[in-house]
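# Analysis of the macromolecular model
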Amino acid sequence: MLLSVSYNRSTRWLIRGILLGWLLSKFLSYRLWLPERSFPLLPVADLFHSIPPIVQVILFGLSVATLLISLFMPHRKLLILLLLLEILSCLFDQNRWQPWEYFFLFTIAAAALLRDAHALRSAWITLLGGLYFFSGLYKINNGFIHDVWQQLLLHRWLHIHTSNTWLLRAGYGIGCVEMLAGIALLLPGFRKQAALLLLFLHVVILWVLGPLG
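Keep in mind that what you see is a predicted model, and the values were worked out from it rather than measured.

## A word on the pattern of salt bridges
Summed over all chains, the structure comprises three salt bridges. The closest approach of N and O atoms between Glu 86 and Lys 26, which form a salt bridge, is 2.8 Å. Separated by 60 residues along the polypeptide, Glu 86 in helix 4 (residues 76-91) and Lys 26 in helix 2 (residues 9-28) bring together distant segments of the chain. Accessibility assignment for this pair places Glu 86 and Lys 26 in one class, buried. Here Lys 139 and Glu 178 are joined by a salt bridge, their closest N and O atoms 2.9 Å apart. Linking Lys 139 in the loop between helix 6 (117-138) and helix 7 (142-157) with Glu 178 in helix 9 (residues 172-185), this pair joins segments that are 39 residues apart in sequence.

## Thoughts on the packing of aromatic side chains
Scanning the entire structure with this criterion turns up eight aromatic pairs. Summarising the aromatic geometry, the rings of Phe 48 and Phe 92 are spaced 5.0 Å apart at their centres and angled 70° between planes, so their arrangement reads as edge-to-face. Here the residue Phe 48 occupies a position in the loop between helix 2 and helix 3 (54-72), and Phe 92 occupies one in the loop between helix 4 and helix 5 (99-113), the gap between them amounting to 44 residues. Each member of the pair, Phe 48 as well as Phe 92, is classed as buried. Their ring planes at 65° and their centres at 6.3 Å tell us that Trp 100 and Phe 104 sit as a pair that is edge-to-face. Of this pair, Trp 100 and Phe 104 both sit in helix 5, four residues apart, which is roughly one turn of the helix. Overall, the relative accessible area of 25% leaves Trp 100 in the partly exposed class.

Criteria and cut-off values
- Residues numbered from 1 in each chain as written.
- Predicted model: local features only at pLDDT ≥ 70, side-chain atom pairs only at ≥ 80, totals over all residues.
- Heavy atoms only, no water.
- Salt bridge = Lys/Arg side-chain N within 4 Å of Asp/Glu carboxyl O.
- Helix = DSSP H or I, 4+ residues; strand = E, 2+ residues; numbered from the N terminus.
- Buried < 20%, exposed > 50% of the residue type's maximum accessible area, 1.4 Å probe, protein only.
- Phe/Tyr/Trp six-rings, centres within 6.5 Å; stacked < 30°, edge-to-face > 60°.

Right, dumping it as structure tokens:
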């Protein structure tokens, strides 16, 4: 059954948007998915060392081809095939288990396995809420305060050169705000406000890391 039969138009475009994001991520990190590179492979089991490297190249090509086809023809069976290809490819190297790879795997798995549009929407909201909650939780550590808050944001971006204790501690607020936004996504009454806040945070991130930052 085609996804177009099960889901409304907006959901179909969301699925295509996720697939497009996954495809772009694969192209930007293409060296990660090929056996020939400067850092070694780290398979989940020793038996993968005996498999010819060309198999990984084939898996990468099939995955990209499946992504491209699914963009125009988002068939449920194609999405399941895509998931299998990605999981098999990741078994060859644990470095491929990146956070964005997990995110795409789970969001597309929900689209492939859930036939009810409401259930799919709920699953995606839960995934996003968990993503932002744990992303914020990860930021509450000394490494983030020193490397990102103090060095990147205060020193390099805002040109504030200070070691004031309270100003440095204010950096923990970024993680707390992101955690609260993740929780708010799960609450219907606060979902719109949380989405706007997260969009603002992403705009700031793009500003900081872009040519103007």
